[in-house]
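What follows is each chain in one-letter form.
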Amino acid sequence: MTISKHIINRFFLIILTLFTLSRFNSIAAQDVDGKQLFISKCQACHSGDMKSESTGPALFGVEGQWEDKGKLHEWIRNNQKLIASGYPKAVEVSKLKSTAMQTFPDLTDPQIDAILKYIDEKGSGKLDAAKGDATAGKTAGEADTSQHPLLYGVITLILSLAALILIFVNRNLRKISDDTEGKKTPDAVPFLQNKVYLATAAILLFIVGGYFMTKAMINMNRQKNYEPRQPIFYSHKVHAGINQINCLYCHGNAWESKTAAIPSVNVCMNCHKTIQKYSGPELKDKNGNAVDGTAEIAKLYQYAGFDPQNPDAWDANKAKPIDWVKIHNLPDHVYFNHSQHVRVGNVQCQTCHGEITGMDEVHQFAELSMGWCVNCHRETKVNFNVDSATGNQFYSIYEKFHNDIKSGKMDSVTVKDIGGLECQKCHY
């Protein structure tokens, strides 16, 4: 009976230890990331440098413009409600732009504070300076493991093993104490013959193995952070960021068709027929190696069949397509239409592709999983402001929603309300 009680106590101690560690790890993993929240919630309408106007006004310094921080939180969650209450600052801000701001009722106070902190640090330059200091001591190719859940799992495993060792040490000390006092204790059953230990080990192995197997199966064919080597080093940071070339100049198909398409060589040559030498900021690949921009332009000329020394003799028939490596891939059974999102939904490129204007070599920013897309449909508001002259006339058929908005039953309509969660929207 004594042995069974000790075994049960140890078993529950192990479970309690694992539970405590898992809770600690879950809390640590829930650190609010202001940058990711800004990109997913705000960057569709507000400039990423915080100082330029876009669809919405520049955000740098916005926290200091509101005397009551609580009211600013209310504005972000439901600006229409705050405007209707007559709050002076809300009414003033609503007149800055003709387009109504999207509401975010799901954001918590810590999340909003994280977004505001990111806006302040990005706009003031503190964030970029901190990044420079943080990466100055890193070796080429060194990975940042601060957000890797695997790290928390390893720590949990190590601490769990330490707890098991302490349990066995405690048992041996207890046995020595009993022997010293002359107490007779039955011999312990060897581990490999103890059915309780073997059953516990088998259950834990099954749970841990099942967890990692499930995670591996879920992540099959997902390519988050995939960054292949391209035949030409093309910097989106230089083209879309520094030179502010509109995304649609190269990917015009995104405005009117299903695919964004890769620009043909002649689109590149529209500029590089005259821009033959690179004179921008220093270029580096993902490993920190310097890249010769002029040499990369020369590679483009080889594909274009262009001789910069004799531009008038250019024969476009000698051109051949550049073998770009596709980065963002969806399964064949998934239907995604760029024009439906970019043109109709006013979804900014950064929402799915990340801060593309800050990338040299592009990598996949989002996991592009089904859950990721569905959550976006649940949260994204639809512009239901339709009249005889403006707005998307298609939305005029949703008479019930328009009546509910007028009566106050609804304050906004999300994609899910107009069928965004139906299977046939993406799988047909």
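Every chain's residues receive numbers from 1 upward, in the order its sequence appears when written. For this predicted model, a pLDDT threshold of at least 70 governs which residues receive local features, and a threshold of 80 or more governs which side-chain atom pairs are given and counted, while totals over whole chains, interfaces and linings are taken from all residues. Working from all heavy atoms in the structure, the side-chain values ignore hydrogens and water.

Caption draft 1: Representation of the overall build of the chain. Of the regular secondary structure elements, the chain holds 19 helices and two strands. Relative accessible area decides the class of each residue, using a 1.4 Å probe on protein chains only: under 20% of the type maximum gives buried, over 50% gives exposed, and in between gives partly exposed. Looking at the chain as a whole, 28% of its 428 residues are labelled buried. In the chain, of all internal contacts separated by at least 6 residues, the share reaching a separation of at least 24 is 64%. Throughout, the Shrake-Rupley method with a 1.4 Å probe supplies accessible areas, and for residues the shown protein chains are the sole cover considered. Accessible surface computed for the chain: about 28,200 Å², of which carbon and sulfur atoms make up 58%. Under the scheme used here, helices are H or I runs from DSSP no shorter than 4 residues and strands are E runs no shorter than 2 residues, and both carry numbers assigned from the N terminus. The contact definition used throughout considers only heavy atoms, calling two residues in contact when any of these lie within 4.5 Å.

Caption draft 2: Quick look at the environment of Glu282. Counting through the fold element by element, Glu282 comes out in the loop between α14 (265-272) and β1 (283-284). Between the C-alpha atoms of Glu282 and Asp292, which are ten residues apart in sequence, the distance is 8.4 Å.

Caption draft 3: Structural view of the state of the cysteines. Disulfide assignment relies on a single distance test, namely cysteine sulfur atoms paired within 2.5 Å. Under the defined criterion, the tally for this structure stands at zero disulfides. Summary of cysteine pairing: Cys349 is not part of a disulfide, and the nearest cysteine sulfur, belonging to Cys247, is at 3.8 Å. Looking at Cys352, it has no disulfide partner, and the nearest cysteine sulfur is the one in Cys376, 6.4 Å off.

Caption draft 4: The packing of aromatic side chains, seen in detail. Stacked, edge-to-face and tilted are the three classes for Phe, Tyr and Trp ring pairs, Trp counted by its six-membered ring, which pair at centre distances within 6.5 Å; planes under 30 degrees apart are stacked, over 60 edge-to-face, the rest tilted. A full pass over the atoms with the stated rule returns 14 aromatic pairs. Measuring from ring centre to ring centre gives 5.2 Å for Phe384 and Tyr395, while their planes differ by 25°; the resulting arrangement is stacked. You can see Phe384 sitting in the loop between α18 (370-379) and α19 (399-407) and its partner Tyr395 sitting in the loop between α18 and α19, a full eleven residues away along the chain. An identical accessibility class is assigned to Phe384 and Tyr395; each is buried. Judged by centre distance (5.9 Å) and plane angle (65°), the rings of Phe394 and Tyr395 are edge-to-face. Note on Phe394: relative accessible area 47%, which makes it partly exposed. Since its relative accessible area comes to 10%, Tyr395 is described here as buried. Working rule: Lys NZ or Arg CZ, within 6 Å of ring centre, within 35 degrees of ring normal, means a charge sits over the ring. In this structure, Lys51 is placed above the aromatic ring of Phe60, and the distance from its NZ or CZ to the ring centre is 5.7 Å. A cation over a ring is seen here: Lys71 above Tyr87, with NZ or CZ 5.2 Å from the ring centre.

Caption draft 5: Structural view of the nonpolar core. To qualify as a nonpolar core, a set must consist of buried Ala, Val, Leu, Ile, Met, Phe, Trp, Tyr and Cys residues joined through side-chain atoms within 4.5 Å. Ranked by size, the top nonpolar core spans 21 residues in total, and within it Phe38, Trp66, Trp75, Ile76, Leu107, Ile115 and Ile119 carry the most contacts. Looking at this core, the elements that each hand over two or more residues are α2 (34-42), α4 (69-77), α6 (88-94) and α7 (109-124). Per element, the largest residue contribution to this core is five residues, and it comes from α7. If we skip the residues at most four places from it in the chain, Trp75 touches Trp66, Leu82, Ile83, Ala90, Val93, Ser94 and Met101.

Caption draft 6: Looking closely at the confidence of the model for the chain. Per-residue confidence from the prediction method is given by pLDDT, with values spanning 0 to 100. Here the chain shows a mean pLDDT of 82. Residues at 70 or above account for 86%. The weakest mean pLDDT in the chain belongs to helix α1 (residues 2-29) at 53; the strongest belongs to helix α15 (residues 293-304) at 95. Across residues 26-31, confidence stays below pLDDT 50; counting only partners more than four residues off in sequence or on other chains, it has two contacts.

Caption draft 7: The pattern of salt bridges, seen in detail. A side-chain nitrogen of Lys or Arg and a carboxyl oxygen of Asp or Glu constitute a salt bridge if their distance falls within 4 Å. Inspection of the entire model under this criterion finds 13 salt bridges. Arg77 is the partner of Asp109 in a salt bridge, and the nearest nitrogen-oxygen pair spans 2.5 Å. Taken as a pair, Asp109 in helix α7 and Arg77 in helix α4 lie far apart in primary sequence, 32 residues in all. Under the relative-accessibility criterion, Arg77 is labelled partly exposed at 23%. Taken together, the shared-partner salt bridges connect Lys35, Lys122 and Glu355 into one network.

Caption draft 8: Inspection of a nonpolar patch on the surface at higher detail. A cluster of nonpolar side chains, contributed by Leu157, Leu161, Leu164, Phe168, Phe191, Leu192 and Leu198, occupies part of the molecular surface with about 650 Å² of accessible area. In terms of residues, the nonpolar patch owes the most to one element, helix α9 (residues 149-180), which gives four residues. Mapped onto the fold, Phe168 is located in helix α9. Surface patches are drawn from residues lacking salt bridges whose relative accessible area is over 30%; two like charges belong together within 9 Å, two nonpolar side chains (Val, Leu, Ile, Met, Phe, Trp, Tyr) within 5 Å.

Caption draft 9: Seen up close, the environment of Asp68. Here Asp68 shows up in the loop between α3 (62-65) and α4. C-alpha separation for the pair Asp68 and Lys89, spaced 21 residues apart in sequence, amounts to 9.8 Å.

Caption draft 10: Seen up close, α4. Taken together, the buried positions of α4 are Leu72, His73, Trp75 and Ile76. Relative to the axis of α4, the buried residues are bounded by an arc of 160° and lie together on one face. Lining the buried residues of α4 we find α3, α5 (79-84), α6 and α7. Within this analysis, the arc is defined by the directions that extend from the helix axis to the C-beta atoms.

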